[in-house]
Amino acid sequence: MSAFAAETAGLTAAEPVGVEPQPLPLLVRAPYAVARKCGVGSPRLTPHRLVQAAARKTGLAPKVPTHVEDALEQLCRSLADDARLHWFGAMNQRTLIVTGLAALMQVEQAFRDDPSLHDQELVPPLIVTGLPRSGTTFLHRLLSASQDAASVALYQHVHPVPPRGWDTRRLQTAVMFEPWKRASKAYDLDAIHYVRPGLPDECNFGMRIGARSMIFWAMAPVYGYLRWLLGQDLREAYQLYRKVLQLHQRQAPGRRLTLKCPHHLAWLPALSEALPEALIVQTHRDPAQVVPSECKLILSLQAMSTSALDWRRTVAHNHLKVETFAQRSVDFADTPCGRRVRHVDYRRLVAEPVEIARDIHGHFGLPFSESHADRLTEFASQNRQHKRGRNRYSLEQFGLDKGGVRRAHASYCERFIDG
């Protein structure tokens, strides 16, 4: 399939509605108004400025690895050429990038200060992946409720290196995310994807420290960066992320890091090479349900960064992203590492979550007592589907049709859905 055909697969001629732009709340708009009145424009997002800002934040040398420099160049070029960010969107991207680069500098310094970290063994981490919107968040948080699990909360992904003194990372993350949280209410994001600083969250935030993460695409329409990222093998990024996990493991001795990220699906060979001890679980859901749900999420997030969002272009690129993930998971399935992956059907996960957890533990030879079952049953009962509102979407809403989406994911559906 050509690149153009892949980007337009499933698009129809009907006039869809996409996601309607919503005004940002006053608390988010007010700083822009004040800044404009004072003659302060949007921040200039260039690699040099961002690295320098991270160095000032940490007090460390303004130096990052070459592969990070290359990724920053691609990201900043796409932000300039594609994204058309307004002030809030530019500030949000700056915060994501600068805190990520600062975390990178701190991680590397931590390993220089304590070389024994290089030898830190990992209790085989349990990693949930799968197509976006296929139940990965629910399954991840369910498995994180086990007594022996050590989940990584959002604030720990944002600030992976614990401070020497009073730990203010959760507070810092809450302050950092408050404007975004308020803006997200305009799109009812809590019903789509519930995020809070203290909850277990996905590796995208942790992997942003290498400037190669889908979090930047989620938050801004960086079309060129997305296409570039999908063409990278990310081996260096995953080797760097192993260091991050070694830091998290040092803080949770003897417990099993329990992680998740749908976007691991595109780079399972790199993930398996960096983390050969990982226990990987993959969720599966019909792409005809996945694609519109993911389009609604990404469009809602990107709409908070720009007032000039080309939603048709975002839908096409997002469909290309999901199709890439799906095909790569098919390609990986018959490799030696792929045959060790435990597969979970979304429909059964919704219907029998505790039994799914029991099955995963049994498959990997992990303990699962009745107290485990009781604890997970309580979690499942308190976190039922639609708890924070019903997330409504349709293929037609985004100019897509079921036949086109199914054809674009034919090998995935044949392997994992229809068999």
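Residues numbered from 1 in each chain as written. Predicted model: local features only at pLDDT ≥ 70, side-chain atom pairs only at ≥ 80, totals over all residues. Heavy atoms only, no water.

1. Let's talk about the overall build of the protein chain
Move 1: Within the protein chain, the secondary structure is distributed over 21 helices and 5 strands.
Move 2: A fraction of 82% describes how many contacts in the protein chain between residues 6 or more apart in sequence connect residues 24 or more apart.
Move 3: As displayed, the protein chain has an accessible area near 18000 Å², and 51% of this comes from carbon and sulfur atoms. (Helix = DSSP H or I, 4+ residues; strand = E, 2+ residues; numbered from the N terminus. Contact = heavy atoms within 4.5 Å. Areas by Shrake-Rupley, 256 points an atom, 1.4 Å probe, with all protein chains shown as cover.)

2. Examining the packing of helix H16 (residues 311-333) against helix H21 (residues 410-417)
Move 1: Viewed as axis vectors pointing N to C, H16 and H21 meet at an angle of 50°, and their least axial separation amounts to 8 Å. Relative to H21, the element H16 lies oblique. H16 and H21 meet at a crossing whose hand is left-handed. Residues Ala326, Gln327, Ser329, Val330 and Ala333 of H16 form the contact with H21, whose own contacting residues are Ser411, Tyr412, Arg415 and Phe416.
Move 2: Considering only residue class, the contact of H16 with H21 consists of 5 nonpolar, 3 polar and 1 charged. (Axes fitted to C-alpha atoms, helices over the stretch in contact; angles between N-to-C directions. Parallel < 35°, antiparallel > 145°, perpendicular 65-115°, else oblique. Left-handed = near helix turned anticlockwise from the far one by under 90°. Nonpolar A, V, L, I, M, F, W, Y, C, P; charged D, E, K, R; others polar.)

3. What to know about the packing of aromatic side chains
Move 1: On inspection of all chains with the given rule, the structure shows 7 aromatic pairs.
Move 2: Summarising the aromatic geometry, the rings of Phe177 and Phe205 are spaced 6.0 Å apart at their centres and angled 65° between planes, so their arrangement reads as edge-to-face. Of the two residues, Phe177 sits in helix H8 (residues 169-184) while Phe205 sits in helix H10 (residues 203-207), which places them 28 residues apart along the sequence. Accessibility assignment for this pair places Phe177 and Phe205 in one class, buried.
Move 3: Among the aromatic residues, those joined into a cluster by ring pairs are Phe216, Tyr225 and Trp228.
Move 4: Against the face of Phe111 rests Lys243, its NZ or CZ located 5.2 Å from the ring centre. (Phe/Tyr/Trp six-rings, centres within 6.5 Å; stacked < 30°, edge-to-face > 60°. Buried < 20%, exposed > 50% of the residue type's maximum accessible area, 1.4 Å probe, protein only. Lys NZ or Arg CZ within 6 Å of the ring centre and 35° of its normal.)

4. Some details on the layout of surface pockets
Move 1: If you add up the space inside the second largest pocket, you get close to 590 Å³.
Move 2: In this structure, the second largest pocket is lined by 24 residues; those nearest its centre are Gln106, Val161, Pro162, Pro163 and Arg164.
Move 3: Contributions of two or more residues to the lining of the second largest pocket are made by helix H3 (47-58), helix H5 (87-113), H8 and helix H13 (235-251).
Move 4: Ranked by residues supplied to the lining of the second largest pocket, first place goes to H5 with 7 residues.
Move 5: Taken together, the residues that form the lining of the second largest pocket break down as 10 nonpolar, 8 polar and 6 charged. (1 Å grid on protein atoms, 1.4 Å probe; cavity = no way out; pocket = protein on both sides within 12 Å on 5 of 7 lines; lining within 4 Å. Points joined across faces, edges and corners; volume = space filled by probe spheres on them.)

5. A closer look at the pairing of strand S1 (residues 126-130)
Move 1: The buried count for S1 comes to 5 of 5 residues, which makes it a mostly enclosed element.
Move 2: Residues Leu126, Val128 and Gly130 line one face of S1 and the alternating positions Ile127 and Thr129 line the opposite face, and both faces are buried.
Move 3: Both S1 and strand S3 (residues 256-260) contribute to a ladder of 3 bridges, which runs parallel. Residue Leu126 lies in a different strand from S3, and its bridge partner there is Thr258.
Move 4: In the sheet, S1 pairs with strand S4 (residues 279-284) via 5 bridges, with the strands oriented parallel. Note on S4: the bridge partner recorded for Leu126 is Leu279. (Pairing = 2+ DSSP bridges.)

6. Brief notes about H3
Move 1: Between its terminal C-alpha atoms H3 stretches 17 Å, which fits the 16 Å expected from 12 residues at 1.5 Å a residue.
Move 2: Along H3, the residues classified as buried are Pro47, Leu50, Val51, Ala53, Ala54 and Ala55. (Expected span 1.5 Å × (residues − 1).)

7. Remarks on the nonpolar core
Grouped burial of nonpolar side chains is what soluble globular proteins tend to show.
Move 1: Counting 115 residues, the largest nonpolar core has Leu79, Leu101 and Trp267 as its most contacted members.
Move 2: Here the element with the most residues in this core is H5; it accounts for 14 residues.
Move 3: Leaving out residues up to four positions away in the same chain, Trp267 has contacts with Met214, Leu229, Leu230, Gln232, Asp233, Leu234, Tyr238 and Arg328.
Move 4: By size, the runner-up hydrophobic cluster in this structure holds 21 residues, among which are Leu139, Leu349, Ala357 and Ala373. (Core = buried A, V, L, I, M, F, W, Y, C linked by side-chain atoms within 4.5 Å.)

8. Some remarks on the sheet that holds S1
Hydrogen bonds along the backbone pair up the strands of a sheet, which may run parallel or antiparallel.
Move 1: Strand order in the open sheet formed by 5 strands is S2-S3-S1-S4-S5, and the pairing between neighbours is parallel. Since the sheet does not close on itself, it has two edges, and those belong to strand S2 (149-151) and strand S5 (342-345), each with one partner. Strand-to-strand, the axes of this sheet are offset by a mean angle of 25°, without reference to chain direction.
Move 2: Of the strands in this sheet, S1, S4 and S5 touch helix H18 (residues 353-363), which is tilted by about 170° from S5.

9. Here we look at the confidence of the model for the protein chain
Move 1: When pLDDT is averaged along the protein chain, the result is 88; 89% of the residues meet or exceed 70.
Move 2: Mean pLDDT across the elements of the protein chain ranges from a minimum in helix H1 (residues 3-8), with 39, to a maximum in S4, with 98. (pLDDT = per-residue confidence, 0-100.)

10. Some words on the side chain of Arg242
Move 1: You can see Arg242 is positioned in helix H13.
Move 2: At 3.0 Å, the side chain of Arg242 forms a polar contact with the side chain of Glu277.
Move 3: Apart from residues no more than four positions distant in its own chain, Arg242 is found in contact with Leu122, Ala274, Leu275, Pro276 and Glu277. (Polar contact = N/O pair within 3.5 Å; in protein donor to acceptor, adjacent residues only side chain to side chain.)

11. Points about the pattern of salt bridges
Move 1: Applying the stated criterion to the full structure yields 21 salt bridges.
Move 2: A single network of salt bridges, built from pairs that share partners, joins Glu178, Lys181 and Arg182. (Salt bridge = Lys/Arg side-chain N within 4 Å of Asp/Glu carboxyl O.)

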